[in-house]
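Descriptive structure summary
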Amino acid sequence: MNYPTPKFEQKIIHPENIAVRLRDIKSKTPLVFTNGCFDVLHRGHVTYLAQARELGAAMIVALNTDESVKRQGKGDDRPINCLANRLAVMASLECVDFVTYFDEDTPLNLILQIMPEILVKGGDWAVDKIVGSQQVLANGGQVHSIPFLYDTSTTKLVQQIRNNGN
């Protein structure tokens, strides 16, 4: 039997199609934008994403490509999960309305193209250091740095796995 492609995969927008899909995205305002590697999804990620989504009517998440992750210096073996898998996992989350990706070191070009009303990053980012914050604020939007509720990180998780759970 042939099974249909899961519906959540329709949330994945390839960057070259952003302009075409921008109407769909911008019809849901205020639009929240966040970005990151989201390599191995954990409780800290899903809590943060759910909190970010609560700030608006819809949320788009932009993921770093595998090459972009490698340039961040997280280790030669990162990302653990390839972009296609990370996109699918992110798209499967109820709090995520759209997911895309970027190959640059920062998502600034995407932010400028989409110009969300709300820009969000995790608590390890000061608002004035969030890429795109000046542009979003100048356009009348909001920028948020959401404090972490859980002391979790992919790097710690990978180390724990390598050390057999210790």
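Just so it is clear, the model here is predicted, and its values are computed rather than measured. (Residues numbered from 1 in each chain as written. Predicted model: local features only at pLDDT ≥ 70, side-chain atom pairs only at ≥ 80, totals over all residues. Heavy atoms only, no water.)

**Topic: the pattern of salt bridges**
Under the criterion given, the structure shown has four salt bridges. Here Arg78 ties to Asp39 by a salt bridge, and the two come within 2.8 Å at their closest N and O atoms. Note that Arg78 is positioned in the loop between helix H3 (66-71) and helix H4 (83-92) and Asp39 in the loop between strand E1 (31-36) and helix H2 (43-53), a separation of 39 residues in sequence. For the residue pair Arg78 and Asp39, the accessibility class agrees, reading buried in each case. Here Arg71 makes a salt bridge to Asp105, at a shortest N to O gap of 2.6 Å. With Arg71 in helix H3 and Asp105 in the loop between strand E3 (98-102) and helix H5 (108-114), this pair connects stretches of sequence that are 34 residues apart. Since its relative accessible area comes to 44%, Arg71 is described here as partly exposed. (Salt bridge = Lys/Arg side-chain N within 4 Å of Asp/Glu carboxyl O. Helix = DSSP H or I, 4+ residues; strand = E, 2+ residues; numbered from the N terminus. Buried < 20%, exposed > 50% of the residue type's maximum accessible area, 1.4 Å probe, protein only.)

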